[in-house]
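Structural overview
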Amino acid sequence: MANKKTVKKTTRKNTNLRLVKNSDLGLQKHKVRKEEKLRFGKGKRTVILSVSLAAFLAALIGGYAYIIRNYKVTTVYVEGNVHYTNEEIMEMVMGGRYGDNSLFLSLKYRDKGIDDIPFIQTMDVSIEASDTIRIIVYEKALAGYVAYLGQYVYFDKDGIVVEASSEKTAGIPQVTGLRFDHVILHERLPVENPDIFNEVLNITQQLEKYSMSADRIYFDPEYKVTLLFGEARVALGDSEYIDEKIMKLQYILPGLVDKKGILDMREYSEDTKSYSFEQD
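Note that this is a predicted model, so its numbers are computed, not measured.

We now examine the pattern of salt bridges. On inspection of all chains with the given rule, the structure shows eight salt bridges. Between K157 and D158 there is a salt bridge, and its shortest N-O distance comes to 3.2 Å. Under the relative-accessibility criterion, K157 is labelled partly exposed at 38%. Residue classification places D158 among the partly exposed residues on the basis of a relative accessible area of 31%. For E222, the salt bridge identified is with K224, shortest N-O distance 3.8 Å. Taken together, the shared-partner salt bridges in this structure form one network comprising E79, E128 and R134.

Here is the structure:
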């Protein structure tokens, strides 16, 4: 009897052991299936990401090609430039990589002009169409220049030195007779009478108003003015009635072409019909 009980007890114990092992096996199989499923999921996601990245790159390349092809500048309008040619202005604005692309230029110059260029206050760039841009140049108001140490020193209406250059700019008169001992860029020429710069600008503007351009504006020690047009000299005297004198000069100047001498306009009167010219 004792032996039978022992056998039954042992048999149940073994059965319990087998049940435990079967349960472990099921868990292992479940883990294997789960791992396989997970491995499959990662691989699928990798393929999807690769396809998405390829599609994104293709779209990016296609968009880049479209922009390069459809926003290429073929027409450029340039306004307001005197000291620089249209080609020089275009090179300043459009030089460098992608400089001929209107979309790139619109981003580069959005709400921003171009500064720090000699003789130019600023330049504005506007996009008229995908293939057309307009460049508006605002030049500095130059009154004249003085020669100093082999350089042409340009100054504005206030006498501020704007630029020093080894090249002469057409249309800007040389001013002589002013006395100064040094020149500093972006500072006023140190002359005895700073008011002289307003007179220089007025003379330049009046000449331009009547389509005349003097080669030189000379001030004597008493600041009386003489204009030089080639070999012809025009003595205007002091600043009184100088606008009226220049207005009359427009009718006289054509007769002075290729002449060498001095036209005396120091005395002014509305009734004066002619002025004496003394030939050298």
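Here we take up empty space enclosed by the protein. This structure, assessed with the given rule, holds one cavity of 30 Å³ or more. One number sums up the size of the largest cavity: a volume of about 40 Å³. Lining the largest cavity we find G177, L178, R179, V191, E192 and Y223. For the lining of the largest cavity, the residue count by class is three nonpolar, one polar and two charged.

On to the side chain of N101, then. For N101, the location among the structural elements is in the loop between α2 (86-94) and α3 (102-108). Here N101 falls in the buried class, since its relative accessible area comes to 5%. There is a polar contact of 3.0 Å between the side chain of N101 and the backbone nitrogen of F104.

This part covers the layout of surface pockets. A water-sized probe, rolled over the atoms, reveals where empty space remains. If you add up the space inside the largest pocket, you get close to 400 Å³. L142, G171, I172, T204 and E208 are the residues nearest the centre of the largest pocket, which is lined by 18 residues in total. Among the elements that take part in the lining of the largest pocket, helix α4 (residues 196-209) stands out by supplying five residues, more than any other. Its residues assigned to classes, the lining of the largest pocket comprises 10 nonpolar, five polar and three charged.

As a further point, take the pairing of strand β9 (residues 225-229). By the criterion of burial, β9 is predominantly enclosed, with five of the five residues buried. Where burial is concerned, the two faces of β9 agree: the one with V225, L227 and F229 and the one with T226 and L228 are both buried. Connecting strand β8 (residues 216-219) to the next strand, β9, in antiparallel fashion are five residues, including Y223 with a positive phi near 65°. Counted along the chain from β9 to the antiparallel partner strand β10 (residues 232-237), the turn is two residues long, and its residue G230 has a positive phi close to 65°.

Helix length check: α4, at 14 residues, gives a terminal C-alpha distance of 20 Å against a target of 20 Å (1.5 Å per residue), a fit within 8%. Among all positions in α4, only I196, F197, E199, V200, L201, I203, T204, Q206 and L207 are buried. Taken from the residues just after α4, S211 is the one with a positive phi, measuring 60°.

Quick look at the packing of aromatic side chains now. Throughout the structure, instances matching the rule amount to six aromatic pairs. Centre to centre, the rings of Y145 and Y152 are 5.4 Å apart; their planes meet at 90°, and the pair counts as edge-to-face. What makes Y152 partly exposed here is its relative accessible area of 23%. The ring of Y77 has R134 lying over it, and the distance from NZ or CZ to the ring centre is 4.6 Å. Over the face of the ring belonging to F277 we find K259, whose NZ or CZ atom lies 5.9 Å from the ring centre.

The rules behind the values
- Residues numbered from 1 in each chain as written.
- Predicted model: local features only at pLDDT ≥ 70, side-chain atom pairs only at ≥ 80, totals over all residues.
- Heavy atoms only, no water.
- Salt bridge = Lys/Arg side-chain N within 4 Å of Asp/Glu carboxyl O.
- Buried < 20%, exposed > 50% of the residue type's maximum accessible area, 1.4 Å probe, protein only.
- 1 Å grid on protein atoms, 1.4 Å probe; cavity = no way out; pocket = protein on both sides within 12 Å on 5 of 7 lines; lining within 4 Å.
- Points joined across faces, edges and corners; volume = space filled by probe spheres on them.
- Nonpolar A, V, L, I, M, F, W, Y, C, P; charged D, E, K, R; others polar.
- Helix = DSSP H or I, 4+ residues; strand = E, 2+ residues; numbered from the N terminus.
- Polar contact = N/O pair within 3.5 Å; in protein donor to acceptor, adjacent residues only side chain to side chain.
- Pairing = 2+ DSSP bridges.
- Expected span 1.5 Å × (residues − 1).
- Phe/Tyr/Trp six-rings, centres within 6.5 Å; stacked < 30°, edge-to-face > 60°.
- Lys NZ or Arg CZ within 6 Å of the ring centre and 35° of its normal.

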